[in-house]
Amino acid sequence: LRAWDNRTYQAIPQFALEPMSVGFNGYFKMVVDGPKLSVSYITGKCAASGCDDGYNTSAGTVVAEESFTVKPNTGTISQKFTHLGSEL
């Protein structure tokens, strides 16, 4: 594990208990180009007015990007991060 997103999206009330911190949900996108696989990790982005008003419905935050390349003649795989966001 190289990085993780420890940000709090919202604190959800739990009546008679302390609020529960909830993190950001996200997804990843993969692009294959010959021997190269590029992966982008995207999380939700707060609405312009703040996280209490939910997510921005048209944009996310790219928190990390990495690529994997295989050498076809040997099967050797190399990996490198091309972006690690300050959120992580």
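Given the structure is predicted, the values throughout are model-derived calculations rather than measurements.

Conventions and cut-offs
- Residues numbered from 1 in each chain as written.
- Predicted model: local features only at pLDDT ≥ 70, side-chain atom pairs only at ≥ 80, totals over all residues.
- Heavy atoms only, no water.
- Salt bridge = Lys/Arg side-chain N within 4 Å of Asp/Glu carboxyl O.
- Buried < 20%, exposed > 50% of the residue type's maximum accessible area, 1.4 Å probe, protein only.
- 1 Å grid on protein atoms, 1.4 Å probe; cavity = no way out; pocket = protein on both sides within 12 Å on 5 of 7 lines; lining within 4 Å.
- Points joined across faces, edges and corners; volume = space filled by probe spheres on them.
- Helix = DSSP H or I, 4+ residues; strand = E, 2+ residues; numbered from the N terminus.
- Nonpolar A, V, L, I, M, F, W, Y, C, P; charged D, E, K, R; others polar.
- Patch = residues over 30% accessible without salt bridge, like charges linked within 9 Å, V, L, I, M, F, W, Y side chains within 5 Å.
- Areas by Shrake-Rupley, 256 points an atom, 1.4 Å probe, with all protein chains shown as cover.
- pLDDT = per-residue confidence, 0-100.

Caption draft 1: Just the pattern of salt bridges, in detail. The tally for this structure, following the rule as stated, stands at one salt bridge. Across the pair Arg7 and Asp5 runs a salt bridge, and its minimum N-O distance is 2.7 Å. The class for Asp5 is partly exposed, based on a relative accessible area of 27%.

Caption draft 2: View of the layout of surface pockets. Considered as a void within the structure, the largest pocket measures approximately 300 Å³ in volume. Taken together, 17 residues make up the lining of the largest pocket; nearest its centre are Ala3, Tyr41, Val63, Ala64 and Leu88. Looking at the lining of the largest pocket, the elements with two or more residues in it are strand S3 (26–33), strand S4 (36–47), strand S5 (50–70) and strand S6 (77–84). When grouped by side-chain class, the residues that make up the lining of the largest pocket number 11 nonpolar, three polar and three charged.

Caption draft 3: Inspection of a nonpolar patch on the surface at higher detail. A cluster of nonpolar residues, Ile12, Met20 and Val22, forms a patch on the protein surface that exposes about 230 Å² of accessible area. Here Val22 is to be found in strand S2 (residues 17–22).

Caption draft 4: Local environment of the confidence of the model for the protein. Looking at the protein, the pLDDT average stands at 95 and 100% of residues meet or exceed 70. The secondary structure element of the protein with the lowest average pLDDT is strand S1 (residues 10–14), at 93, and the one with the highest is S6, at 97.

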